[in-house]
Amino acid sequence: MARTEQISVMQLVDRIRTTSDAYAYMEQLRWPNGPVCPHCHETARLYFLNPANGTSRKTRTGSMSQRRVWKCGACRKQFSVTTGTVFHGSKIDLRKWLFVIFEMCASKNGVSAREVERKYDLTPKSAWFMTQRIREAMKAGPLAEMMTGVVIADETYIGGRLPEMNKKRRKALNAQQPMVPGSRTAGPGWNKTSVLSLIDQDTGEVRSRVVPDVTGATLRKAIGEQCDLATTTLYTDEHKGYKTLAPELAGHESVNHKDEQYARYRNGEVITTNAAEGYFSQLKRSLDGTHHHVSVRHLPRYLAEFDFRYSTRKLDDSARMRRLMGQVGDRRLTYRPLTGR
Ligand SMILES: [Zn+2]
């Protein structure tokens, strides 16, 4: 396997002229050290079932398929590079998948389902489902390590203020939301969603999640699930909620934005939350500009997409694609849980 090489759209076009090429390329990205059986993780006794010279093989129904199929000598099951991944069972040409993945990995603002629908000649439903499945793969794995060292924590609010909505919707929301004292997101006048982002200063990795509110108890829980508190020094703004967990941390430093303080120095270290401000402004620009409207229910998946791109921003596009392919296994997303229908 070649070392990281930057890949352009033109190179991708040349590389995946046929669906069979797309399978081969995905194998290369996903299995840099050779194929792995998704059923039993066997790596040695695997047999390629397609004819060695031709690209397609006859399926049981007699039609020709360009899908590259392997058979496992250990568990006797067949598989391809998409088995058990977010692409599993998709009828969309694998070439389209790779192009959309490439675009979502390479463009800073992301790609909207509408664009995918038009560019790749898909139905609105297929295009939307496809982008959601790729976002699912971009989610950090459940086994991601706890953050430690210096971690920047910041919160932001996404969504519209009620005065910008129509009267009927405003009335309905006001009726269902009780007044929450001190809250900037709940209660009459507000319809915003709180997002907490944590940025590991050493690795540059970001993890964002939707939180119900930004009280001390909620922040304590959300940060405790992602960081090893005893070895973490948190950099925050002056928000009171962070003070609750300060005694459990290795350290807590804050900058006072209200006094227009954005960075200060302490023992030669720069204390700032600017990285988080930068992340949030990119996120909001994209949600407004590319995606226009993202409902609260799907917001976590969009956050996963932006986290993925931010966390891998130092990698080139092909390395980022390879990283994504390493994450596509063992997670599937079916239409039903996605829409609740
Ligand atoms: Zn097997």
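Calculation criteria
Residues numbered from 1 in each chain as written. Predicted model: local features only at pLDDT ≥ 70, side-chain atom pairs only at ≥ 80, totals over all residues. Heavy atoms only, no water. Helix = DSSP H or I, 4+ residues; strand = E, 2+ residues; numbered from the N terminus. Expected span 1.5 Å × (residues − 1). Buried < 20%, exposed > 50% of the residue type's maximum accessible area, 1.4 Å probe, protein only. Donors = N, O, S within 2.8 Å, 3.2 Å for Na, K, Ca; no water. Tetrahedral: all angles 85-135°; square planar, octahedral: opposite > 155°, others 65-115°. Pairing = 2+ DSSP bridges. Patch = residues over 30% accessible without salt bridge, like charges linked within 9 Å, V, L, I, M, F, W, Y side chains within 5 Å. Areas by Shrake-Rupley, 256 points an atom, 1.4 Å probe, with all protein chains shown as cover. Salt bridge = Lys/Arg side-chain N within 4 Å of Asp/Glu carboxyl O. Axes fitted to C-alpha atoms, helices over the stretch in contact; angles between N-to-C directions. Parallel < 35°, antiparallel > 145°, perpendicular 65-115°, else oblique. Left-handed = near helix turned anticlockwise from the far one by under 90°. Contact = heavy atoms within 4.5 Å. Nonpolar A, V, L, I, M, F, W, Y, C, P; charged D, E, K, R; others polar. Phe/Tyr/Trp six-rings, centres within 6.5 Å; stacked < 30°, edge-to-face > 60°. Lys NZ or Arg CZ within 6 Å of the ring centre and 35° of its normal.

(A) Layout of helix α9 (residues 299-311). The first and last C-alpha atoms of α9 sit 18 Å apart over 13 residues, in line with the 18 Å expected at 1.5 Å per residue. For α9, the tally of buried residues reaches eleven of 13 residues, placing the bulk of the element in the interior. Listing the buried residues of α9 in full gives Leu299, Arg301, Tyr302, Leu303, Ala304, Glu305, Phe306, Asp307, Phe308, Arg309 and Tyr310.

(B) Structural detail: unusual backbone geometry. The residue His41 is not glycine, and still its phi comes out positive at about 65°. Tracing the sequence through the fold places His41 in the loop between α2 (19-30) and β1 (46-48). Residue His41 is classed as exposed on the basis of its relative accessible area, which comes to 56%. With a phi angle near 50°, Asn267 is a residue other than glycine that sits in the positive phi range. One can find Asn267 in the loop between β11 (263-266) and β12 (269-272). Relative accessible area serves as the criterion here: at 72%, Asn267 is assigned to the exposed category.

(C) Region of the structure containing the coordination of the zinc ion. With distances of 2.3 Å, the protein atoms coordinating the zinc ion are Cys37 (SG), Cys40 (SG), Cys72 (SG) and Cys75 (SG). With four donor atoms in place around the zinc ion and angles of 105 to 117° between them, the coordination shape is tetrahedral.

(D) Summary view of the environment of Lys192. For Lys192, the location among the structural elements is in the loop between α6 (167-176) and β7 (193-200). Put simply, Lys192 and Thr156 are 36 residues apart on the chain and 9.4 Å apart in space, counted from C-alpha to C-alpha.

(E) Highlighting the pairing of strand β8 (residues 206-211). Inspection of the sheet shows β7 paired to β8 by six bridges, in the antiparallel sense. From the neighbouring strand, Leu198 faces β8, where its bridge partner is Arg207. In this structure, the hairpin formed by β7 and β8 is closed by a connection of five residues, where Gly204 is found at a positive phi of approximately 75°.

(F) Region of the structure containing a nonpolar patch on the surface. Nonpolar side chains collect at one region of the surface, where Val9, Met10 and Val13 lie side by side and expose about 260 Å² of accessible area between them. Here Val9 falls in the partly exposed class, since its relative accessible area comes to 45%.

(G) Looking closely at the packing of helix α5 (residues 124-138) against α9. Following both chains from N to C, one finds α5 and α9 inclined at 55°, their axes separated by 8 Å at the closest point. When the interaxial angle is binned, α5 and α9 end up oblique. Like other packed secondary-structure pairs, α5 and α9 cross with a definite hand, here left-handed. Facing Trp128, Gln132, Arg135, Glu136 and Met138 of α5, the residues of α9 in contact are Arg301, Tyr302, Ala304, Glu305 and Phe308. Considering only residue class, the contact of α5 with α9 consists of five nonpolar, one polar and four charged.

(H) Looking closely at the packing of aromatic side chains. In the structure shown here, the tally under the stated rule is six aromatic pairs. Between Phe87 and Trp97, the aromatic rings sit 5.0 Å apart at their centres with planes inclined by 75°, giving edge-to-face as the arrangement. Of the two residues, Phe87 sits in the loop between β5 (78-79) and α3 (94-106) while Trp97 sits in helix α3, which places them ten residues apart along the sequence. The same class applies to Phe87 as to Trp97, namely buried. When the ring of Phe99 is compared with that of Tyr120, the centres are 6.4 Å apart and the planes differ by 25°; the resulting orientation is stacked. Taken as a pair, Phe99 in helix α3 and Tyr120 in the loop between α4 (113-119) and α5 lie far apart in primary sequence, 21 residues in all. Sitting above the plane of the Tyr302 ring, Arg135 keeps its charged end 4.1 Å from the centroid. Across the ring face of Phe306, the terminal group of Arg309 is positioned such that the distance to the ring centre comes to 4.9 Å.

Treat this as a map of the structure, not an account of what it does.
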